[in-house]
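The lines below spell out each chain.
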Amino acid sequence: MPTDVFGVLANPVRRKLLDCLRDGPRSTGDLAGLFELGRPAVSEHLAVLRAAGLVREEPRGRHRFYHLEPGPLAEVEAWLRPFEQYWSQRLDALAAVLDEENPE
């Protein structure tokens, strides 16, 4: 049974882990040091992300490094795409109000 990417991303710890991996692979210990959670708890979150296909684990000697795998995020992006127009219109309206209040 495929993992629900939306359900996986509902957890703020998992979102922060993905955010930390945007800059490149990191070890389990390095990632665990970013949280006020024990290493086993962080490892459980990484296992959920791995099951969803959002991260890839790479063993290097005694350490495990995790890499971001953004492919499954395409489902989220496709769901959010229709809302882009809504936010674009809202930001354009805000810009117009600010321009009226502060003409140059």
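Residues numbered from 1 in each chain as written. Predicted model: local features only at pLDDT ≥ 70, side-chain atom pairs only at ≥ 80, totals over all residues. Heavy atoms only, no water.

Per an unreviewed UniProt entry, the protein goes by the name ArsR family transcriptional regulator and belongs to Kitasatospora viridis.

Chemist: Let's hear about the packing of helix H2 (residues 12-21) against helix H4 (residues 39-51): which residues, and what values?
Modeler: It is the contact of H2 with H4, at a shortest axis distance of 10 Å, that shows an interaxial angle of 75°. Here H2 is positioned roughly perpendicular relative to H4, judged by the angle of their axes. Taken together, the residues of H4 that come into contact with H2 (itself represented by Val 13, Arg 14, Leu 17 and Leu 18) are Val 42, His 45, Leu 46, Val 48 and Leu 49. Of the residues contributing to the contact of H2 with H4, the split by class is 7 nonpolar, 1 polar and 1 charged. (Axes fitted to C-alpha atoms, helices over the stretch in contact; angles between N-to-C directions. Helix = DSSP H or I, 4+ residues; strand = E, 2+ residues; numbered from the N terminus. Parallel < 35°, antiparallel > 145°, perpendicular 65-115°, else oblique. Contact = heavy atoms within 4.5 Å. Nonpolar A, V, L, I, M, F, W, Y, C, P; charged D, E, K, R; others polar.)

Chemist: Explain the sheet that holds strand S2 (residues 55-60) to me, and be specific about the residues and the numbers.
Modeler: The strand order across the open sheet built from 3 strands is S1-S3-S2, with neighbouring strands paired in antiparallel fashion. Sheet topology places strand S1 (26-27) and S2 at the edges, where each strand pairs with a single neighbour. Sheet topology places S1 next to strand S3 (residues 63-68); 2 bridges connect them, and they run antiparallel. In the strand pairing of S3, Ser 27 is matched with Phe 65. Packing against the sheet, H2 makes contact with S1, S2 and S3, and its axis sits at approximately 90° to S3. Contacting S2 and S3, H4 crosses the sheet at an angle of about 120° to S2. (Pairing = 2+ DSSP bridges.)

Chemist: How would you explain the side chain of His 67 if you had to name every residue and give the values?
Modeler: With respect to the helices and strands, the residue His 67 is situated in strand S3. At 2.5 Å, the side chain of His 67 and the side chain of Glu 58 are in polar contact. In contact with His 67, other than residues within four places in its own chain, are Leu 21, Pro 25, Leu 54, Val 55, Arg 56, Glu 58 and Arg 60. (Polar contact = N/O pair within 3.5 Å; in protein donor to acceptor, adjacent residues only side chain to side chain.)

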